[in-house]
Amino acid sequence: MEVTSMTDEEIASAIRMSRYSRSVSPKTRKFPVARERHASSYDSDDDDESSGGGTPAVSPYRPFPPYMNVFCSWAAAKTLRVCGAGRDERLYAVDVHTGLGGRKPLGTRPGLILRNGARGAQDPVLAAACDESQMAARFYAFNLNSVILLPPLSSKSKAAAAAVAAAGPKDLVAETMRARTLGDRGFAFRFAVEVGRRGGVERLQRVQFEWRSVGKGEDGEAREGGFKLVQVAPERREGRRGRSGSSSSQTETDDDDDNSEVLALLSWTKTWWLTHPFALQLKGSGQSGALGERWTLAVVVTALRIWVLRLNFRSNRGIISLAETIRGK
C-alpha cells in the first residue's frame, strides 16, 4: 500500500502528541502447553497443563478479520479505529487513556482501552493495555512489563457469565507482556493466553507467544519493519535413568527458532505516528481460527500496546537491553 508523505503540520501535530503521551506517565493442530504461568485470577495452585473448560465471559461483538488496519483521525487524536481493509470499514474503537481522570479500568495508568463496538466511549470495555503504574510509564523507569487486560474466563452457567459481563471493567483479568532482547540484534515481547475454540470438546490450554522484531527491509510483507508473532515452545524435560538408578534431566528451548510458524504479522507504515500506524495480519493457524477468539483478542491488544511503546521510544533494543541490565533479566 502506497502511503503519502506527511505534511509539516501533520509532523508537528504528531510530535506534540508524542510529547504529551510521554509527559503523562501511562490447521487445526493441537498446540503444546506452556508450563510457565503469569499471575491471574483464574490460575490454579496446581501445575496442571490446562486451564480447565472455561469460556470467555465477554466476547467480541463481531469476529476480527484476518487483515486489519489501525487508523487515527487528526480531529480526534485520542481515538483510534481498528478497521478492515480500508478506513471506512470501522470495526472497533480504541480510546487513548492518559490517566489524568482516573477512569476505569486503567485508573491513573496511561494506556489504551479497546471498546466492544465501533462507536467509542458509549460502547462497553472489551480489553485494555497499560503500564504497571504511572511511574512505570516514564521513559527513565526502564520497565520491561506491560499489563494486558482481558475478559475473565468463566466455567459457570450462562446466567453467571452474563452477570460477569454486566459487572463491567473491574472484572478484567490482568496478564503480563514482558520485553526482552533476542539474539544479537532483535528483541521481543512475550505473553501467555488461553487458546482453543470456544465451546469445543478440548479444554482451553495456556500457551506462550512472542512478538519478535522484524527490521526494515527484512520482510517483504513488512517493508517498514514490524513484528512477527510465533509460539514459544515449552520447556521439554527428558529424564534418563542410568544403572545407578539416578536420573538426569535436560531442558531445551527453541525461543530463537526462526523456523517457527508465523501466526500474525504487525507491519509498520510510513505514517507510524498517527494517521495509519500499522497493519495487522493473522496468518496460518492464527487465521484458521483454531486458536480461538481469546487468542485473537490478545493479539490485537498486544499489537496496540507495542505501537504505544514505539510511539514513546520504548520499543527499542537499546532501551530494553539497558533495562535488563538495570533490573536483571
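What counts and what doesn't
- Note on numbering: residues in each chain are counted from 1, in written sequence order.
- With pLDDT at 70 or above as the cut-off, local features in this predicted model cover only qualifying residues; side-chain atom pairs require 80 or more to be listed or tallied, and sums for whole chains, interfaces and linings still use all residues.
- Where side-chain values are given, they derive from all heavy atoms of the structure, hydrogens and water being excluded.
- Strands are runs of DSSP state E lasting at least 2 residues, helices are runs of H or I lasting at least 4, and numbering of each runs from the N terminus.
- Think of it in three bands: residues with accessible area under 20% of the maximum for their type are buried, residues over 50% are exposed, and the middle band is partly exposed, with areas taken using a 1.4 Å probe on protein chains only.
- The pairing criterion is simple: DSSP has to find at least two bridges between the two strands.
- Ring geometry is summarised as follows: Phe, Tyr and Trp rings, the Trp one being its six-membered ring, pair when their centres sit within 6.5 Å, and such pairs are stacked at plane angles under 30 degrees, edge-to-face over 60 and tilted between the two.
- Should a side-chain nitrogen of Lys or Arg be within 4 Å of a carboxyl oxygen of Asp or Glu, the pair is scored as a salt bridge.
- In this context, the arc is that of the directions from the helix axis out to the C-beta atoms.
- Contacts: residue pairs with any heavy atoms within 4.5 Å of one another.
- Whenever two N or O atoms come within 3.5 Å, that pair is a polar contact, provided that in protein one can donate a hydrogen and the other can accept it, and provided that, for residues adjacent in sequence, both atoms are side-chain atoms.
- Only the stretch in contact is used when fitting a helix axis, every axis being a line fitted to C-alpha atoms; angles between N-to-C directions are given from 0 to 180 degrees.
- In these notes, a set of buried Ala, Val, Leu, Ile, Met, Phe, Trp, Tyr and Cys residues joined through side-chain atoms within 4.5 Å is what counts as a nonpolar core.
- Summary of the metric used: pLDDT quantifies the predictor's per-residue confidence within the range 0 to 100.

Mind showing me how you'd approach the overall build of the protein here?
When helices and strands are tallied, the protein shows 5 helices and 16 strands. Within the span of the protein, comprising 329 residues, buried residues form 52% of the whole.

Looking at this model, I keep getting lost on the pairing of strand E16 (residues 278-282). Mind explaining?
Regular strands show a simple pattern: their side chains alternate between the two faces of the sheet. Taking burial as the measure, the 5 residues of E16 include 4 buried ones, the bulk of the element. Both strand E15 (residues 264-268) and E16 contribute to a ladder of 5 bridges, which runs antiparallel. Looking at the pairing, Leu265 lines up with Gln281 of E16.

Looking at this model, I keep getting lost on the packing of aromatic side chains. Mind explaining?
The description of two aromatic rings rests on the distance between their centres and on the angle between their planes. The full count for this structure, using the stated rule, is 9 aromatic pairs. Ring centres 5.1 Å apart and planes at 70 degrees place the aromatic pair Tyr61 and Tyr92 in the edge-to-face group. Taken together, the positions of Tyr61 in the loop between strand E1 (55-56) and strand E2 (67-72) and Tyr92 in strand E4 (residues 90-97) put the pair 31 residues apart, joining distant regions of the chain. Among the aromatic residues, ring-to-ring pairing joins Phe187, Phe189, Phe227, Trp268 and Phe278 into one connected group.

What am I meant to see in the pattern of salt bridges here?
According to the stated counting rule, one finds 14 salt bridges in the structure shown. Of the charged contacts, one joins Glu175 and Arg206 as a salt bridge, the two residues approaching to 2.7 Å between their closest N and O atoms. With Glu175 in strand E9 (residues 173-182) and Arg206 in strand E11 (residues 205-214), this pair connects stretches of sequence that are 31 residues apart. Like Arg206, Glu175 is buried. For Lys283, the salt bridge goes to Glu221, with nearest N and O atoms at 3.1 Å. Residue Lys283 is found in the loop between E16 and helix H3 (285-288), and its partner Glu221 is found in the loop between E11 and strand E12 (226-231); the two are separated by 62 residues along the sequence. A single salt-bridge network, built from bridges that share partners, covers Glu175, Glu194, Arg206 and Arg294.

What am I meant to see in helix H5 (residues 317-327) here?
Every α-helix carries 3.6 residues per turn, so stepping three or four residues along brings you back to the same face. All of the buried residues along H5 are Ile319, Ile320, Ala323 and Glu324. Along the axis of H5, the buried positions cluster into a sector of 140 degrees, meaning they face one direction only. Exposed residues pointing more than 90 degrees away from the buried face of H5 are listed as Thr325 and Ile326. Here the buried face of H5 lies against E9 and strand E10 (186-195). The N-cap of H5, judged by a side-chain oxygen 2.8 Å from the amide nitrogen of Gly318 a few residues on, is Asn316. Once H5 ends, the next one or two residues include Gly328, with phi positive near 80 degrees.

What is the right way to look at the side chain of Ser146 in this model?
Structurally, Ser146 can be placed in strand E7 (residues 145-150). Residue classification places Ser146 among the buried positions, given a relative accessible area of 3%. At 2.8 Å, the side chain of Ser146 forms a polar contact with the side chain of Arg305.

Would you mind showing me how to read unusual backbone geometry here?
A negative phi angle is the norm for most residues apart from glycine, just as the trans form is the norm for most peptide bonds. Of the consecutive residues Lys104 and Pro105, the connecting peptide bond is found in the cis state with omega at 5 degrees. Its place among the elements puts Pro105 in the loop between E4 and strand E5 (111-115). Although it is not a glycine, Phe142 sits at a positive phi angle of roughly 50 degrees. Residue placement: Phe142 occurs in the loop between strand E6 (125-130) and E7.

For this particular structure, what's the right way to read the sheet that holds strand E3 (residues 79-83)?
Sheets are built from strands paired through backbone hydrogen bonds, the pairs being either parallel or antiparallel. Spatially, E2-E3-E4-E5-E6-E7-E9-E10-E11-E12-E15-E16 is the arrangement adopted by the 12 strands of the closed barrel, whose pairing is antiparallel. Neighbour-to-neighbour, the strand axes of the sheet open up by a mean angle of 20 degrees, direction not taken into account. Bridge analysis of E10 against E11 gives 8 bridges, and the strand direction is antiparallel. By the bridge assignment for E11, Ala188 is matched with Arg212.

For this particular structure, what's the right way to read the nonpolar core?
One broad rule of soluble globular proteins: the nonpolar side chains tend to lie buried together. Core analysis: the largest hydrophobic core is formed by 56 residues, its most contacted members being Leu114, Phe189, Phe209, Trp211, Phe278, Leu280 and Trp295. Tallying contributions element by element places helix H4 (residues 293-311) first for this core, with 13 residues. Within the second largest apolar cluster, 8 residues are counted, among which are Leu106, Val125, Cys130 and Leu149.

Explanation requested: the confidence of the model for the protein in the structure shown.
When pLDDT is low, close inspection of the predicted coordinates is not appropriate. With 66% of its residues at a pLDDT of 70 or more, the protein has an overall mean of 76. Low pLDDT (under 50) marks residues 1-7, which in the prediction has 11 contacts with non-local residues, meaning those over four places away or in another chain. The low-confidence segment residues 10-54 (pLDDT under 50) makes 111 contacts with residues lying over four places distant or belonging to another chain.

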